[in-house]
Amino acid sequence: MNEKRLRWILFFFVILVGCFTSIWLKDLNAEQLLFNLHVSMKGANGSAVWRCLLFAVSNAAIVLLVVVGLLRWCQKKGIAQPLLRFLDKILARKRAVVAGSVIVCLLCANYNLEFVDFVRHQMIVTTIYQEQYVEPREVQYQFPKEKRNLIYIFLESMEVTYTSTRQGGAETYDLIPELRNLAQENINFSPNIGFGGSFTLPGTTWTMAAMVGQTSGLPLKLPFDGEKYYGNYSKMLPGAWTLGDILGEAGYHQVLMMGSDSSFAGRGDYFSQHGNYEINDYNTALEDHRLPEDYHEFWGYEDRKLFAYAKEELLRLAAEDEPFNLTLLTVDTHFEDGYVCPLCADTYSDQYANVIRCSSSQVNDFVRWIQEQDFYENTTIVISGDHLSMDSNFFNKVDDDYPRQVYNCVINPAVEDSNVREKNRVFTTLDLFPTTLAALGVTFEGDRLGLGTNLFSQTPTLAEELGLDELREQLSRYSNFYNYHFLYTN
């Protein structure tokens, strides 16, 4: 094989790697990919990157070896010359080959990442923020005389889908019986009459965006020149006024705990700048010598350690005179396949199913421990999935028409249960922002903050008022108002 053909083989290998990489990234979307290109990836789970590279390179190599092998076989049989001459003629048209290869890559990327839809939406302007956004800074808040503590648990990729079809999910077996029981024993907002959850919107479908959405009533959006708005971590969404800002002004001691590196995607910066949260993450555990200096599991340390550390933190916070807000982020159920800890049973043939089942049990044990503590009487617990799982292979057997929803449960709210319309509500994760404040017994004029609606009220959510599809369409579009009001830094 001559040098010219070897160069083209290398070229096509690179193209194939690009195509297979986009297939691996099918669990993401163009919006999230753009965000990740503009933020710190420090602290990311390196094994996921290596698995992506291994998948792309190995599959590209297999395809290329098969093609080259077939050509060599044809050459030995004396039937390859016409084909090789034809290929040489095509390869001689370098611009056409390069253009065609780029088009193939773009088509593959669009199929997996919906890139064309993303670009199309950037060419259409929405006015939803001017028309519907309620500025939390301009609202007066009335806290109860004895302020309630808040424990807010973000559960990685936790959704209603994991329960059985008999319980309203999409699985053969109920993978989250404890979480489902907690929801049914307490407040569980649902779009049907049974166990259900919240819908996600553009700009809320990955962890950082989900945390922003649930604490500010805003999606996390970036224009193409996102570096201009988000590249400076000294100001994270400076125009947003969040749950942390409101509780911080009310004198709450706020702590964010996670078993991963909080600098990933700017999570720690967002919470420290909006409410002066203390950040207690994987790095903190190393610095405090709670972990050996060489300890690193999955994204940092696993959830069984997170809940153990959180118990210690809660006892410390409860001993203080000020109300507290402890916010947790779990990690074991992160795609792909999750993390198997010593507490996980080998019940199912699928690893992810076992991890989900284990997570449900661990969260339940943690909540039951809280309920046995003296501080529980004046403490509200909000449990919410951050977003839908990105482990698409796990949902191969789930009907495309099944409405996947994010888990939610509110425990011990300062609201009379008889006044709550928790079922047959169409709502999104943005609605949890004002709902959490209401659960703490905080009253405020109107029932909306940001783009969220207090679900303890009778006021229709934006999803109910506009329709879920229309709301998603509006939040997919471009907004100069959003960029300059929430993102822009002088």
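Heads up: the structure comes first, above all this text.
Residues numbered from 1 in each chain as written. Predicted model: local features only at pLDDT ≥ 70, side-chain atom pairs only at ≥ 80, totals over all residues. Heavy atoms only, no water.

By secondary structure assignment, the location of N149 is in strand β2 (residues 149–155). Residue N149 is classed as buried on the basis of its relative accessible area, which comes to 9%. Beyond its immediate stretch of four places on either side in the chain, N149 contacts Y252, P323, F324, F375, N378, T379, T380 and L440. (Helix = DSSP H or I, 4+ residues; strand = E, 2+ residues; numbered from the N terminus. Buried < 20%, exposed > 50% of the residue type's maximum accessible area, 1.4 Å probe, protein only. Contact = heavy atoms within 4.5 Å.)

Here the focus is unusual backbone geometry. Most peptide bonds adopt trans geometry, and most residues besides glycine take a negative phi value. For the peptide bond that leads from F335 to E336, omega is 5°, which places it in the cis range. Summarising the element assignment, E336 is placed in the loop between β5 (324–329) and α15 (351–371). At H289, a residue that is not glycine, the phi angle is positive and equals roughly 65°. Residue position: H289 is located in the loop between α13 (282–287) and α14 (303–318).

All right, on to the nonpolar core then. The biggest cluster of nonpolar side chains holds 72 residues, and the ones touching the most others in it are Y141 and L437. If you tally residues by element for this core, the top one is helix α16 (residues 432–439), at five residues. Apart from residues lying up to four places away in sequence, Y141 is in contact with P136, I246, L437, V442, T443, F444 and L449. The next biggest cluster of nonpolar side chains, apart from the first, holds 48 residues, and it includes V160, Y162, Y348 and F394. (Core = buried A, V, L, I, M, F, W, Y, C linked by side-chain atoms within 4.5 Å.)

Glancing now at the pattern of salt bridges. Under the defined criterion, the tally for this structure stands at 15 salt bridges. E313 is paired through a salt bridge with R316; the nearest N and O atoms lie 2.3 Å apart. One end of the pair is E313 and the other is R316, both in helix α14 and three residues apart, which spans about a single turn. Residue class for R316 comes out partly exposed when judged on its relative accessible area of 34%. Of the charged contacts, one joins K423 and E422 as a salt bridge, the two residues approaching to 4.0 Å between their closest N and O atoms. The class for K423 is partly exposed, based on a relative accessible area of 23%. Using a relative accessible area of 18% as the deciding quantity, one classes E422 as buried. Beyond isolated ion pairs, a larger network of salt bridges with shared partners links E278, E313, R316 and E320. (Salt bridge = Lys/Arg side-chain N within 4 Å of Asp/Glu carboxyl O.)

Any empty space left between the atoms is revealed when a probe the size of a water molecule rolls over them. Overall, the coordinates contain two cavities of 30 Å³ or more when judged by the stated rule. Space inside the largest cavity adds up to approximately 110 Å³. Contributing elements (two or more residues each) for the lining of the second largest cavity: α17 (462–466) and α18 (468–476). Here the residues of the lining of the second largest cavity are counted per class, giving seven nonpolar, one polar and one charged. (1 Å grid on protein atoms, 1.4 Å probe; cavity = no way out; pocket = protein on both sides within 12 Å on 5 of 7 lines; lining within 4 Å. Points joined across faces, edges and corners; volume = space filled by probe spheres on them. Nonpolar A, V, L, I, M, F, W, Y, C, P; charged D, E, K, R; others polar.)

Here we take up the pairing of β5. β5 sits mainly inside the fold: six of its six residues count as buried. In β5, alternate side chains face the same way, and those of F324, L326 and L328 on one face and N325, T327 and L329 on the other are all buried. Here strand β3 (residues 253–258) pairs with β5 via six bridges, running parallel. Paired with L256 across the bridge in β5 is T327. (Pairing = 2+ DSSP bridges.)

Helix α9 (residues 207–216) sits mainly inside the fold: ten of its ten residues count as buried. Considered for burial, the residues of α9 that qualify are T207, M208, A209, A210, M211, V212, G213, Q214, T215 and S216. Positive phi shows up at G217, right after α9, with a value of about 70°.

Between the first and last C-alpha of α15 there are 31 Å, a value that for 21 residues agrees with the 30 Å anticipated at 1.5 Å per step. Of all the 21 residues making up α15, 15 are buried; the element is thus mostly covered by neighbouring parts of the structure. Sitting at the amino-terminal end of α15 is D350, which places a side-chain oxygen 2.8 Å from the backbone nitrogen of Y352. (Expected span 1.5 Å × (residues − 1). Polar contact = N/O pair within 3.5 Å; in protein donor to acceptor, adjacent residues only side chain to side chain.)

Another point: the packing of α14 against α15. For the pair α14 and α15, interaxial distance at closest approach is 10 Å and the crossing angle is 10°. Classified by the interaxial angle, the pair formed by α14 and α15 is roughly parallel. Crossing geometry of α14 relative to α15 is assigned as right-handed. Mapping the contact onto sequence places D303, R304, F307, A310, K311, L314 and L315 in α14 and Q362, V363, F366, W369 and I370 in α15. (Axes fitted to C-alpha atoms, helices over the stretch in contact; angles between N-to-C directions. Parallel < 35°, antiparallel > 145°, perpendicular 65-115°, else oblique. Left-handed = near helix turned anticlockwise from the far one by under 90°.)

One can describe the packing of helix α8 (residues 177–185) onto α15 by two numbers: an axis separation of 7 Å at closest approach and a directional angle of 45°. Comparing their axes, α15 and α8 come out oblique. Contacts from P177, E178, L179, L182 and E185 in α8 reach R357, S360, S361, V363, N364, V367 and R368 in α15. Its residues assigned to classes, the contact of α8 with α15 comprises five nonpolar, three polar and four charged.

Shape is all these values report; function is a separate question.
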